[in-house]
2 protein chains.
Amino acid sequence: MSPRPATASARSVDEYRDTVAALLAPLAARPDEQAPVPEALGRTLAADVVSPIDLPVFRNSAMDGYAVRAADVAVTPVTLPVAGVVAAGKPGTDALPAGSALKVMTGAPIPPGADCVVPVEDVQAGEGRIVVERARGRGEFVREAGTDVRTGELVARAGTVLAPRHIAALAAVGLPTVPVLSRLRAVCITTGDELQPAGAVLAPGQIYNSNGIALAAALRADSVDVVDVAHSTDDPAVFTRVLRAATAVADVVFTSGGVSKGDFEVVKDVLGPLGGTFGSVAVQPGGPQGYTVVDEVPVLSFPGNPVSTMVSYAVFARPAVRALAGLPELANGETTLLTALRSPAGRRQYLRGLLTEDGVEVISGPGSHLIAAMAWADVLVDVPAEVTSLAAGVPVRILSL
Amino acid sequence: MSPRPATASARSVDEYRDTVAALLAPLAARPDEQAPVPEALGRTLAADVVSPIDLPVFRNSAMDGYAVRAADVAVTPVTLPVAGVVAAGKPGTDALPAGSALKVMTGAPIPPGADCVVPVEDVQAGEGRIVVERARGRGEFVREAGTDVRTGELVARAGTVLAPRHIAALAAVGLPTVPVLSRLRAVCITTGDELQPAGAVLAPGQIYNSNGIALAAALRADSVDVVDVAHSTDDPAVFTRVLRAATAVADVVFTSGGVSKGDFEVVKDVLGPLGGTFGSVAVQPGGPQGYTVVDEVPVLSFPGNPVSTMVSYAVFARPAVRALAGLPELANGETTLLTALRSPAGRRQYLRGLLTEDGVEVISGPGSHLIAAMAWADVLVDVPAEVTSLAAGVPVRILSL
């Protein structure tokens, strides 16, 4: 299949990615929100979080055992009377009488006067007294207050994507909520009279609608809150209605289809007059692209071929979307091409690739309809616009999927 | 601080991990469920999924252009009358009259009789006719039915953790739902009179309850459905009630605290008589461990120190939990130790480590209360039981957090 020639006016991939980033940049000013710590897994901290308390909160025992004065157990064996028991969580701890022991549980406050703990394994317990069999020094098995974190010290930095270990620390210092970046709210709109919902019986000329479902999944994987996946027929009145409903609730709207050079291009036909910019990017798949700001909401318009939609998102929108979510860039890089390939001149091509130990194998044709084949790919192979063929064994850039 | 000596009867880490795996093994027989494709991101396929249709469903145009007979455009330029328009989704496509062209949009059915498509860029369009400027061969810009995937062919394999690209393929073949492994339902129960909820004003001897929140986060990160995070005082009647409520709804229950050698060990005191096994594992942190089967539900009892709870989960339960969720093992391995360290004889030690380009740095003391310090660690450094000291520069095993 010969490629469609790139138009002279086509933008480069890098140029268009920058355009999209600039379009979405104002969303960085959206207000942060407070997330309950138990629900903050995977969220990104919007500010440094410092501890409101010392941790440990109080001097406590590291062991089940006996709180004593180190001086009283310096020579062993030594017999001490047991003056009582200190349990974790029981307030009002009495001081340790000189020359005696108080039984303590792990985590229980060290009674005033005591300066070390003899573990239960190191004593012979009798009726009202213990025989300590091993000498202990001051501070042994005592956790001092504030030795984990002190009041005002950093618990986690702004920008941290909260993992279980961060949640554990935030909960331990008693914070009910933490400031996090709010999730981008997105609506995906698919267009096309031929698109039918899953499970429908297809009439001639009809296909299943996958772009909304697929794009929503890609967005959710990047921490976006997809508030709606809507569909419009090719009727401009219907598309206008669906679009306005989307911009009323979304921070950003994605459309698929209706941007090409056919006679019925509903997205271009409606958004063009609203100030939309539609044109070609020198890329395959995903050449026809458009963007508009409607009611102050950026609307990104991708072509309708399923692979084009997914590649357009990955190449043009994902970097900005992940940055707005405070997520790190996906690990991209260079590896060895294992399959010789040809590529059209003047278009940067993104081929579906499978990573192996030796490099990357191109695993399907370039057709933008090969969406089932794409499921087997884990990266896109990035072939520069000026390259028309590559031999097996050369280095290529790859983009994680 | 001297280590508590390991008891002679202590189990090894590997032995106890195997015990936990055996305890959870019956959960592999839980029934699968059908997940709607739009909600199946991150779920694990329980069976191979094959396509119920050919994709493309029908022979269609790869371009906006004109469907023609290749024989009619073998010599160019050539003028052809345009007999009509075929739009995507419009059923009832008429056959292509000989010696003429039908306008087609991308994705629209190729009309009977046509065998190639001339892209719109390669024609001069006039009133009711076109001038084709470039010769095309049979099949050019035609997508044949079934060339992406055929009816009955594999779309995704059993065991696939569904990424956006899989969701895209499953949606494109029109599947409303797919069989996935059901999520493990877990309840976490914390114990201890001294534990207070986040934001509470702490009385002397009280601390914040973090284990339930932290363990729930760790479980959710491993695709577990945490249906409840409950708390019990040290009153056995309360713990019994909370436990029975948990086993009524959960596939597996995790408890923290109450398993050590103190006088008030509510978990051990209640679960021991129910057939629970409580004892020591030769590990630090996390030595005291217990397990019970209550109402046919496995109950894993971790010690209550926050770091002990998290390390116990990571070392003993996570491998089995991830396997049951169909998730790959976390990437573990070996790296260079950057910090010299000492370790107690007879206990395998898991220290908190920070990965750098050069290896792993141990970043906090071994204390099992240092939960805030743990937030800065990304791995556990695994020091074998028989090792008592390691010099900087030696290889060590690490466990992802």
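Definitions and cut-offs
- Residues numbered from 1 in each chain as written.
- Chains lettered and ligands numbered in written order.
- Predicted model: local features only at pLDDT ≥ 70, side-chain atom pairs only at ≥ 80, totals over all residues.
- Heavy atoms only, no water.
- UniProt positions renumbered as here; feature names shortened; annotations may be inferred.
- Helix = DSSP H or I, 4+ residues; strand = E, 2+ residues; numbered from the N terminus.
- Rg over C-alpha atoms; globule rule 2.2 N^0.38 Å.
- Buried < 20%, exposed > 50% of the residue type's maximum accessible area, 1.4 Å probe, protein only.
- Contact = heavy atoms within 4.5 Å.
- Areas by Shrake-Rupley, 256 points an atom, 1.4 Å probe, with all protein chains shown as cover.
- Lys, Arg positive; Asp, Glu negative; His and termini not counted.
- Charge placed at Lys NZ, Arg CZ, Asp CG, Glu CD.
- Salt bridge = Lys/Arg side-chain N within 4 Å of Asp/Glu carboxyl O.
- Pairing = 2+ DSSP bridges.
- Axes fitted to C-alpha atoms, helices over the stretch in contact; angles between N-to-C directions.
- Core = buried A, V, L, I, M, F, W, Y, C linked by side-chain atoms within 4.5 Å.
- Buried area = accessible area lost by both parts, 1.4 Å probe.
- Polar contact = N/O pair within 3.5 Å; in protein donor to acceptor, adjacent residues only side chain to side chain.
- Nonpolar A, V, L, I, M, F, W, Y, C, P; charged D, E, K, R; others polar.
- Domains from an automatic or database assignment.
- Left-handed = near helix turned anticlockwise from the far one by under 90°.
- Least-squares fit on C-alpha atoms with pLDDT ≥ 70 in both.
- Phe/Tyr/Trp six-rings, centres within 6.5 Å; stacked < 30°, edge-to-face > 60°.
- Parallel < 35°, antiparallel > 145°, perpendicular 65-115°, else oblique.
- Expected span 1.5 Å × (residues − 1).
- Arc of directions from axis to C-beta.

Per an unreviewed UniProt entry, chain A is named Molybdopterin molybdenumtransferase, and its organism is Nocardia fluminea. UniProt, in the comment section headed Pathway (unreviewed entry), describes chain A in these words: "Cofactor biosynthesis; molybdopterin biosynthesis." What UniProt states about chain A under its Function (unreviewed entry) heading is, verbatim, "Catalyzes the insertion of molybdate into adenylated molybdopterin with the concomitant release of AMP."

Asker: Report on the overall build of chain A, specifying residues and quantitative values.
Answerer: For chain A, the helix and strand inventory stands at seven helices and 28 strands. The C-alpha radius of gyration of chain A comes to 32 Å, more than 25% above the 21 Å expected for a compact globule of 401 residues. Along the first, second and third principal axes, the C-alpha atoms of chain A reach 95 × 50 × 40 Å. Residues classed as buried in chain A amount to 55% of the 401 residues present. Relative to all contacts within chain A whose residues are 6 or more apart in sequence, the contacts with residues 24 or more apart total 71%. Counting every atom, chain A has about 15500 Å² of accessible surface; 54% of that belongs to carbon and sulfur. For chain A, the centre of its 31 positive side-chain charges and the centre of its 41 negative side-chain charges are spaced 2 Å apart.

Asker: Outline the pattern of salt bridges, listing residues and values.
Answerer: Scanning all chains against the criterion turns up 25 salt bridges over all chains. The closest approach of N and O atoms between Arg348(A) and Asp382(A), which form a salt bridge, is 2.8 Å. Of this pair, Arg348(A) sits in strand 24 (residues 348-355) while Asp382(A) sits in strand 26 (residues 379-383), placing them 34 residues apart in sequence. Neither residue differs from the other here; Arg348(A) and Asp382(A) are each classed as buried. In this structure, Arg318(B) and Asp222(B) form a salt bridge, with 2.9 Å as the shortest nitrogen-oxygen distance. Here Arg318(B), found in helix 6 (residues 306-324), pairs with Asp222(B), found in the loop between helix 3 (211-221) and strand 16 (225-232); they are 96 residues apart in sequence, far enough to count as distant. Judged by relative accessible area, Arg318(B) falls into the buried class, the value being 9%. Where salt bridges share partners, they join Asp14(A), Arg17(A), Arg348(A), Asp382(A) and Arg397(A) into one cluster.

Asker: Which residues make up the sheet that holds strand 4 (residues 65-68) of chain A, and what values go with them?
Answerer: Residue and element names in this part refer to chain A. The strand order 7-4-6-5-9-8 describes an open sheet built from six strands, whose pairing is mixed. The open sheet has two edge strands, strand 7 (116-119) and strand 8 (123-125), and neither has a second partner. Across the sheet, the mean angle separating the axes of adjacent strands is 40° when strand polarity is ignored. In this structure, strand 4 lies alongside strand 7, joined through four bridges in antiparallel fashion. When the sheet's bridge partners are listed, Gly65 is paired in strand 7 with Pro119.

Asker: How would you sum up the nonpolar core? Please name residues and give values.
Answerer: Judged by nonpolar contacts, the single largest core of 66 residues is most densely connected at Leu219(A), Phe254(A), Leu300(A), Tyr313(A) and Val178(B). For this core, the leading source of residues is helix 6 (residues 306-324) of chain A, giving 11 residues. Counting 65 residues, the second largest nonpolar core, distinct from the first, contains Tyr208(B), Val281(B), Val283(B) and Leu324(B).

Asker: Any details on the interface of chain A and chain B? Residues and values, ideally.
Answerer: Size of an interface: often given as the accessible area lost when the parts come together. The partner chain B presents 89 residues to the 89 residues of chain A that form the contact. Each partner contributes to the roughly 7100 Å² buried at the junction of chain A and chain B, and carbon and sulfur atoms together form 65% of this total. Applying the counting criterion to the chain A and chain B interface returns zero salt bridges. At the boundary of chain A with chain B, the tally comes to 20 residue pairs in polar contact (both at pLDDT 80 or more). Per element, the largest residue contribution to the side of chain A that touches chain B is eight residues, and it comes from helix 2 (residues 164-172) of chain A. In terms of residue class, the side of chain A that touches chain B is made up of 55 nonpolar, 15 polar and 19 charged.

Asker: I'd love a proper account of the domain arrangement of chain A, names of residues and values included.
Answerer: Each domain of chain A was delimited in the assignment, giving domain 1 (13-30 + 182-324), domain 2 (33-55 + 147-180), domain 3 (60-143) and domain 4 (333-400). The gap between the C-alpha centroids of domain 2 of chain A and domain 4 of chain A is 42 Å.

Asker: Let's hear about the packing of helix 1 (residues 13-24) of chain A against helix 6 of chain A: which residues, and what values?
Answerer: Residues and elements named next belong to chain A. Put simply, helix 1 and helix 6 touch, their axes get as near as 8 Å, and they point 40° apart. Crossing geometry of helix 1 relative to helix 6 is assigned as right-handed. Of the residues in helix 6, those in contact with Val13, Tyr16, Arg17, Val20, Ala21 and Leu24 of helix 1 are Val315, Phe316, Ala317, Pro319, Ala320, Val321 and Leu324. Classifying every residue of the contact of helix 1 with helix 6 gives 12 nonpolar, no polar and one charged.

Asker: Describe the sheet that holds strand 16 (residues 225-232) of chain A, naming the residues involved and giving the relevant values.
Answerer: Residue and element names in this part refer to chain A. As summarised here, the arrangement of the six strands in space is 16-13-17-21-20-18, forming an open sheet in which the pairing is mixed. Where the open sheet ends on each side, the last strands, each with one partner, are strand 16 and strand 18 (277-280). The average undirected angle you get between the axes of adjacent strands in this sheet is 15°. Examined bridge by bridge, strand 17 (residues 252-256) and strand 21 (residues 297-302) share four bridges and lie parallel to one another. Its bridge partner lying in strand 21, Thr255 is registered against Ser301. Where helix 4 (residues 236-249) meets the sheet, its contacts fall on strand 13 (185-191), strand 16, strand 17, strand 20 (288-294) and strand 21, and the angle it forms with strand 13 comes to roughly 170°.

Asker: So what's going on with the relation of the copies chain A and chain B? Which residues, and what values?
Answerer: Overlaying chain A on chain B yields an RMSD of 0.0 Å, the required transformation being a rotation through 180° with an accompanying axial translation of 0.0 Å. What we have between these two chains is a two-fold relation. Both copies share a contact surface, since 100% of the interface residues of chain A are interface residues in chain B too.

Asker: So, the UniProt feature "domain: MoaB/Mog" (unreviewed entry) in chain A: which residues are in play, and what are the values?
Answerer: When the UniProt feature table is mapped onto this chain, "domain: MoaB/Mog" (unreviewed entry) is found at residues 187-323 of chain A. Secondary structure across residues 187-323 of chain A comprises 36% helix and 30% strand; the distance between its end C-alpha atoms is 19 Å.

Asker: How would you sum up the packing of aromatic side chains? Please name residues and give values.
Answerer: Residue and element names in this part refer to chain A. Here the structure, examined in full by the defined rule, presents eight aromatic pairs over all chains. Ring geometry for Tyr16 and Phe316: centres 5.0 Å apart, planes at 85°, overall edge-to-face. Highlighted residues: Tyr16 in helix 1 and Phe316 in helix 6, separated in sequence by 300 residues. Here the two residues Tyr16 and Phe316 agree in accessibility, since each one is buried. Of the aromatic side chains, those joined through ring pairs into one cluster are Tyr16, Tyr291 and Phe316.

Asker: Kindly report on the packing of helix 3 of chain B against helix 6 of chain B, identifying the contributing residues and their values.
Answerer: All names here are of chain B. Put simply, helix 3 and helix 6 touch, their axes get as near as 10 Å, and they point 25° apart. Considering the angle they form, helix 3 stands roughly parallel to helix 6. As for how helix 3 packs across helix 6, the hand of that crossing is right-handed. Only Pro306, Thr309, Met310, Tyr313, Arg318 and Arg322 of helix 6 make contact with helix 3, whose side of the interface consists of Asn211, Ala214, Leu215, Ala218, Leu219 and Ala221. Partitioned by chemical class, the residues of the contact of helix 3 with helix 6 number eight nonpolar, two polar and two charged.

Asker: Could you give an account of helix 1 (residues 13-24) of chain B, with specific residues and numbers?
Answerer: Residue and element names in this part refer to chain B. Its 12 residues place the ends of helix 1 17 Å apart at the C-alpha level, agreeing with the 16 Å of an ideal helix rising 1.5 Å per residue. Listed as buried for helix 1 are Val13, Tyr16, Thr19, Val20, Leu23 and Leu24. Projected down its long axis, helix 1 shows its buried positions confined to an angular sector of 130°, all on one face. With respect to the buried face of helix 1, the exposed residues turned more than 90 degrees away are Asp18 and Ala22. Looking at the buried residues of helix 1, the elements they touch are strand 17 (252-256), strand 19 (283-284), strand 20 (288-294), strand 21 (297-302), helix 6 and strand 24 (348-355).

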